[in-house]
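This is what each chain is made of:
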Amino acid sequence: MTLLKTKIGRRSFLKTSTAIGGGLMLSFSWLAACVSDPKRVLTMPEEWFSLNGYLKIGENGLVTIISPNPEIGQNVKTSMPMIVADELDVDWTNVIVEQGPLNTDIFTRQLAGGSQSIRQGWQGLRMAGATARRMLREAAAKAWQVPVEEVTTKEGMLLHEKSGKNATYGEMASAAANIPVPEEVELKNADDFKIIGTPRKNVDGLKIVTGEPLFGLDYRREGMLTAMVIHPPAFGMKLKSLDDNEARNMPGIKDIFTFKPYEDGHVKNMFDASAFTELIAVVGNSTWEVMNAKKAVKAQWEPFEEYADEFSHYSDPSRKIAKRQPAGLESSARHAEIIAEYSSKPGNVVRRDGNPELAFKQAAKVIESQYFTPFHAHNCMEPLNFFANVTADKAELVGPIQTPEFMEKSVAARLGLPLEKVDIQMTRMGGGFGRKLYGHYGVEAAVISQKMNAPVKLIYTREDDMTHGTYSPAFHALYRAALDENNNLIGFHVRAGGIPESPLFANRFPAGAVDNYLAEEWSYDSNISVGAFRAPRSNFMAAAEQSFLDEVAEAAGKDPIKFRLELFERAKNNPVGENNDYDASRYAGVLELVRDKSNWSEVQPGMHRGVAAYYCHNSYVAQVVDLEMKNGKPVIQKVHCAVDCGIVVNPLAAANLVEGGTVDGIGHAMYNSGITFSEGKPDHSNFNTHQWIRHRDAPRAIDVHFVQNNTDPTGLGEPPFPPVMGAVANALYHATKKRYYNQPYLG
Amino acid sequence: MANFNLNINGKQHQVDVDPATPLLWVLRDHLDLQGTKYGCGVAMCGACTVHLNGTAIRSCQLPVSAIGNGSITTIEGLSATGDHPVQRAWLEQDVPQCGYCQAGQIMSAAALLEANPQPSDEQIEEAMSGNICRCGTYVRIKQAIKTASTLKNSAS
Ligand code: FES
Ligand code: FES
């Protein structure tokens, strides 16, 4: 049992009727649409009693649990409330879930990113459930005149064994709401979990399969106008002149105007990233009318001069970072020249162990390879969109956003409103993948609504979304390995760089497992905007490093799993350096598990196998890909996945997420065209030319195995995505006798 | 602008719109049926899939003027309470991640099973490859289509 100081602020006793859709938060009544299906549970209660910001209990025992974080498909809307429910000790079928409002007083880190929702929410969620349970027990003890220690709970019931007294949570909820919040609470032992660790279906499942309007794009308001924006057709361009005479007279069009999403001189936060300083807004009655008018707008564009954007530092906002936006219309051909130049000269040394130069000089064998991936667009299935209703003294925004707290600040700054006058409501998101961390589209919606003096829904077309930027950068890595005459790895060198950012993680494996190690990096400025993309940088480095290690193992005449396990053994027993950013035992653990579960030593005839393992975002994943060639085409028969993310909160959703990350990784590495550029213009703007993984390319089966342990849980949104890219490259090598260095492998 | 009488989910609806307006936007903007999703607008993602006389079509490419007396079914009209075998199978397999593509996937799958009650793996891949799932739920979708096939065949 763990004792923890309670941190959650207790709001004043709140009692509300259910007339407004079961909403405690009166201003969020529309969220009734986001409440999980109440049909399968007790009927709605007459009254709700709020025990803390995370939960309220009805007089009939029905419990509403608030899911604080944005839902992008990682299923936190089910798994976060499961954690609260377990500590509260209630029957999951009597729980309904509501998407929480943005409220940084109550909730911590309401952000979907970095696979951190469960990891960083874990204690707060448990505490919320445990605190409420304690208050219910105290209320019962008081009512029954017995010591609180003697009051136990069981699935929504309070019991006093000696006297035989019992009550439901619902019966005690009113009294419990008046109990002072305890200073300390007991948390369960992991072995006593009843809901955590059990498979629970998506709380929004029925709503999704029946087509309820859950997403930002589905949100509507009486009198709402539709808006679209036009951005420059190429990076490096800005607006020169606008001719909207024809467009403005088209049916249904209300207004066309230019505007700046951020005012000049505005110090941006890191999620304000946007490549375009001025946009054209087209506003009208319906989507189709606005789409047509948008095509009729004649704008002239011109190259911009170099300028600097100022950003505030993520963790220390008082620190300012200047970011150069160079002039010029960039092309992928030119990028290739830059990469060739920079990767062939020394970069900035980030880590150096031993004497790598000497090791390479003395090596019996040196292996060298280079890897590349282009820029990538996130392509969330739901394109960017946001609703805004800005009136004289307040702004109300509704839509898909991974960083509501940052968007709130940016909107407040842009409109000149105090923070408390900006209200952001989070909808379910049709995918995020990092793209919806960057909330410029919410700010744009707010500016347009203010100008129109009307509620407005801003919609990006697929083309707008795919060509707007905030891409994953173009990355390159050069790897060298030195083997001695006994095929021991005596030297390792990585030089990684990118446009405009380096992907290097200098302290990740195999750092710590090799005596002589050198990690260098370089970068080259660009005016193409970039941002976080599912497992940023890891998504490239895992593919490169794990492909390279396969090549090194082969050159050393070793089995690729044994080769890696030897290195982990070294890192475990006698690590080189101090800042090694991984736990060698857990890393080896997933490799061993995937080795055993895939029956690694026995390859089926006609099957080609590749393996990879990677650690990022606090979780460990190893994958084995089984691939067959059919009519000259690779068919992935099975992917075996071994995952160590500590305690698995919801095994059903976790397996789904691992499967999805695996499919996405295979698609990203093998098929995804990425975004290339000609004269600053993205070469793809829709799925007619932009390739994406489809049903026919997906693995025929995916097996997911979790390492069983009681370590606090870590996330899964990102970790399964990077390693499979290496595993599939290695399987392809065995199938085709060709190494795959450039993504997309089948491009 | 012109008036159109549309038969959608067994009901008659009247709209006054530009005849070139794709069915997708008529559903979403004019009839408040937002289950049908926009993903690409160029018939390449399948998010907007609905049934026209029982066949799966991409509503982003179907001008309202081309519908005539055709009967349209959208995700909202596939069943009254979400108990169509495909919907039940989707819930049983817990298919959705973000969920955005799933209405389109379900409509494609339902049309497939109507035409071919026991599709092979290859037939499923063929019929479903026009529907992108950005979250990568393909393996589960295939399982769910097989589950739905069983549910459907045991019911009839
Ligand atoms: S929106 Fe119609 S196929 Fe993509
Ligand atoms: S579930 Fe997210 S796009 Fe398919």
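Residues numbered from 1 in each chain as written. Chains lettered and ligands numbered in written order. Predicted model: local features only at pLDDT ≥ 70, side-chain atom pairs only at ≥ 80, totals over all residues. Heavy atoms only, no water.

Here we come to the UniProt feature "domain: Aldehyde oxidase/xanthine dehydrogenase a/b hammerhead" (unreviewed entry) in chain A. UniProt feature "domain: Aldehyde oxidase/xanthine dehydrogenase a/b hammerhead" (unreviewed entry): in the numbering of this structure it lies at residues 210-305 of chain A. Secondary structure content for residues 210-305 of chain A is 15% helix and 33% strand, while the C-alpha to C-alpha distance between its ends is 51 Å. (UniProt positions renumbered as here; feature names shortened; annotations may be inferred. Helix = DSSP H or I, 4+ residues; strand = E, 2+ residues; numbered from the N terminus.)

In this section: helix 9 (residues 404-415) of chain A. Residue and element names in this part refer to chain A. For helix 9, which comprises twelve residues, the first-to-last C-alpha distance of 16 Å matches the rise-based estimate of 16 Å (1.5 Å per residue) to within 8%. Counting buried positions along helix 9 gives nine out of twelve residues, so the element sits mostly inside the fold. By the burial criterion, the buried members of helix 9 are Pro 404, Phe 406, Met 407, Glu 408, Ser 410, Val 411, Ala 412, Arg 414 and Leu 415. Along its buried surface, helix 9 packs onto strand 20 (385-390), strand 21 (395-399), strand 22 (422-426) and helix 10 (440-452). Trailing helix 9 by a residue or two, Gly 416 shows a phi angle of about 70°, which is positive. (Expected span 1.5 Å × (residues − 1). Buried < 20%, exposed > 50% of the residue type's maximum accessible area, 1.4 Å probe, protein only. Contact = heavy atoms within 4.5 Å.)

The next subject is the domain arrangement of chain A. All names here are of chain A. What the domain assignment reports for chain A is domain 1 (2-209), domain 2 (216-308 + 386-459) and domain 3 (346-376 + 471-736). Its C-alpha centre places domain 2 at a distance of 38 Å from the equivalent point of domain 3. On the domain 3 side, the residues contacting the twelve residues of domain 2 number 14 residues. For the domain 2 and domain 3 pair, buried surface summed over both sides reaches about 890 Å², with 63% attributable to carbon and sulfur atoms. Interface area lost by domain 2 to domain 3 is led by Phe 235, Phe 433 and Tyr 438, which between them contribute 59%. Counting across the domain 2 and domain 3 interface gives zero salt bridges. Here domain 2 is connected to domain 3 by three residue pairs in polar contact (both at pLDDT 80 or more). Split by residue class, the side of domain 2 that touches domain 3 holds eight nonpolar, three polar and one charged. (Domains from an automatic or database assignment. Buried area = accessible area lost by both parts, 1.4 Å probe. Salt bridge = Lys/Arg side-chain N within 4 Å of Asp/Glu carboxyl O. Polar contact = N/O pair within 3.5 Å; in protein donor to acceptor, adjacent residues only side chain to side chain. Nonpolar A, V, L, I, M, F, W, Y, C, P; charged D, E, K, R; others polar.)

A word on the nonpolar core. Core analysis: the biggest nonpolar cluster contains 184 residues, and Leu397(A), Ile448(A), Met541(A), Tyr582(A) and Tyr745(A) have the highest contact counts within it. Judged by nonpolar contacts, the second largest core, of 49 residues, contains Trp92(A), Ile106(A), Tyr169(A) and Phe193(A). (Core = buried A, V, L, I, M, F, W, Y, C linked by side-chain atoms within 4.5 Å.)

To continue, consider the sheet that holds strand 23 (residues 456-459) of chain A. Residues and elements named next belong to chain A. Pairing within the open sheet is mixed, and its seven strands lie in the order 13-14-11-23-20-21-22. The open sheet has two free edges, formed respectively by strand 13 (253-259) and strand 22, since each of these has just one partner strand. Sheet twist, expressed as the average angle between the axes of neighbouring strands with direction ignored, equals 20°. Here six bridges tie strand 13 to strand 14 (residues 279-284), and the two strands are oriented antiparallel to one another. Paired with Ile 256 across the two strands is Val 282, which belongs to strand 14. Each of strand 11 (225-230), strand 13, strand 14 and strand 23 is contacted by helix 6 (residues 287-296), which is oriented at about 25° to strand 11, the strand it contacts most. Docked against the sheet, helix 9 engages strand 20, strand 21 and strand 22, running at close to 150° with respect to strand 22. (Pairing = 2+ DSSP bridges. Axes fitted to C-alpha atoms, helices over the stretch in contact; angles between N-to-C directions.)

This part covers the pattern of salt bridges. Residue and element names in this part refer to chain A. All chains considered together, the criterion is met by 51 salt bridges over all chains. As a salt-bridge pair, Glu 263 and Arg 414 come within 3.6 Å of each other at their nearest N and O atoms. Here Arg 414 lies in helix 9 and Glu 263 lies in the loop between strand 13 and strand 14, a separation of 151 residues in the sequence.

Glancing now at the confidence of the model for chain B. On average, residues of chain B score 97 in pLDDT, and 99% of them reach the 70 mark or higher. Across the assembled chains, the prediction reports ipTM 0.98 with pTM 0.95. (pLDDT = per-residue confidence, 0-100.)

With that settled, the discussion passes to the state of the cysteines. Residues and elements named next belong to chain A. One pass over the structure, following the stated rule, counts zero disulfides over all chains. Free cysteine Cys 616: the closest other cysteine sulfur is in Cys 645, separated by 12 Å. When its relative accessible area of 1% is taken as the criterion, Cys 616 is described as buried. (Disulfide = S-S within 2.5 Å.)

On to the pairing of strand 8 (residues 157-160) of chain A, then. All names here are of chain A. What you see with strand 8 is a clean split: Leu 158 and His 160 sit on the buried side and Met 157 and Leu 159 on the side with no burial. Where strand 7 (residues 151-154) folds back onto strand 8 in an antiparallel hairpin, the turn is made up of two residues, including Glu 155, whose phi is positive at roughly 45°. The hairpin formed by strand 8 and strand 9 (residues 165-168) contains four residues between the paired strands, and Gly 164 there has a positive phi angle of roughly 75°.

On to the side chain of Gln546(A), then. Residues and elements named next belong to chain A. Here Gln 546 lies in helix 12 (residues 538-555). Overall, Gln 546 belongs to the buried group, its relative accessible area being 1%. A polar contact is formed between the side chain of Gln 546 and the side chain of Glu 545, at a distance of 2.8 Å. Once residues lying within four places of it in the same chain are set aside, the contact partners of Gln 546 are Met 541, Arg 564, Ala 612, Ala 613, Gly 726 and Asn 730.

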